[in-house]
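Observations on the model geometry
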Amino acid sequence: MKKLLLLICLPLLLAACGAFTSALTDEDVARYIKAYDNFAVAAPELEKLRTEDKAMSLLTCAPCLARLEKAVQEAGYKDMKTFIAFDIRMHITLRAWAYVEITKLAGQSGQAVAAEDFCKLKENIAQSKDAEEMRVVCTRLKSYTSFLDRAGAFAVKLAEKLLKDGDIEVVAKHIDAISAALSNEKLPSEFRHGSGGGFDD
């Protein structure tokens, strides 16, 4: 199952609004990457726990959830609820970063098209002056949007209102490291962003 975690995001988001009380910092990004690195390290153990529990997903497996909570606590989060809220915030910020980048690149190509519409048309990417950079940014946008689609419109709208000025700039400084952490092949599939922009099965 894909991103079952997000079926329970709204109550968790509402319960963990402390994740949005201050502007994003380099330390926040480092902690976020560390959590995903911890998930990757724990992946073999998590799969073993899931199999023993006969669960369909890590997210429906009580021992797995306990291990995931340990992973986020080791990264510096209070608990899984706090991490999930921050994960939504990061994906909203990442999507905003992608919009800014695509708007800049589309502007350089002389086309005034909305970011998501621009990415849907492969010929736009091919005609872009920086075609490879455009392809990378559009793939990332698809991935971030896919995550947020699963979060539910209300939760995302609430979180968007809680973002702070400067968050996009902080994400932009670390975009390659964040993207590498999110697409790490060692991550459990429930957490790994696929190379095609969605989530791995």
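Thresholds applied
- Residues numbered from 1 in each chain as written.
- Predicted model: local features only at pLDDT ≥ 70, side-chain atom pairs only at ≥ 80, totals over all residues.
- Heavy atoms only, no water.
- Disulfide = S-S within 2.5 Å.
- Buried < 20%, exposed > 50% of the residue type's maximum accessible area, 1.4 Å probe, protein only.
- Axes fitted to C-alpha atoms, helices over the stretch in contact; angles between N-to-C directions.
- Helix = DSSP H or I, 4+ residues; strand = E, 2+ residues; numbered from the N terminus.
- Parallel < 35°, antiparallel > 145°, perpendicular 65-115°, else oblique.
- Left-handed = near helix turned anticlockwise from the far one by under 90°.
- Contact = heavy atoms within 4.5 Å.
- Nonpolar A, V, L, I, M, F, W, Y, C, P; charged D, E, K, R; others polar.
- Salt bridge = Lys/Arg side-chain N within 4 Å of Asp/Glu carboxyl O.
- Arc of directions from axis to C-beta.

We now examine the state of the cysteines. For the coordinates displayed, the defined rule picks out one disulfide. The disulfide bridge from Cys 61 ends at Cys 64, spanning 2.3 Å between sulfur atoms. The sign of the 70° torsion about the S-S bond sets the Cys 61-Cys 64 disulfide as right-handed. Both residues of the pair, Cys 61 and Cys 64, count as buried.

Here we come to the packing of helix α2 (residues 26-53) against helix α3 (residues 62-75). Put simply, α2 and α3 touch, their axes get as near as 8 Å, and they point 160° apart. In terms of orientation, α2 lies roughly antiparallel with respect to α3. For α2 against α3, the interelement crossing comes out right-handed. Counted together, Arg 31, Lys 34, Ala 35, Asn 38, Phe 39, Ala 42, Glu 45, Leu 46, Leu 49, Arg 50 and Asp 53 of α2 and Ala 62, Pro 63, Cys 64, Arg 67, Leu 68, Ala 71, Val 72, Glu 74 and Ala 75 of α3 form the full contact between these two elements. Partitioning the contact of α2 with α3 into residue classes produces 12 nonpolar, one polar and seven charged.

For the rest of this paragraph, the subject is the pattern of salt bridges. A pair can form between side chains of opposite charge whenever their charged atoms are brought close. This model, assessed by the stated rule, comprises six salt bridges. When the shortest N-O distance is used, the salt bridge between Glu 47 and Arg 50 registers 2.5 Å. Of the two residues, Glu 47 and Arg 50 both sit in helix α2, three residues apart, roughly one turn of that helix.

Okay, helix α10 (residues 175-182) next. Ile 175, Ile 178, Ser 179, Ala 181 and Leu 182 are the residues of α10 that are buried. Along α10, the residues classed as buried sweep out an arc of 160° about the axis, all on the same side.

A separate point is the packing of α2 against α10. Put simply, α2 and α10 touch, their axes get as near as 9 Å, and they point 20° apart. Of the possible angle classes, the one that applies to α2 and α10 is roughly parallel. In the packing of α2 onto α10, the handedness of the crossing is left-handed. Within the contact between the two elements, α2 uses Val 29, Tyr 32, Ile 33, Tyr 36 and Asp 37 and α10 uses Ala 177, Ile 178, Ala 181 and Leu 182. Tallied by class, the residues present in the contact of α2 with α10 amount to eight nonpolar, no polar and one charged.

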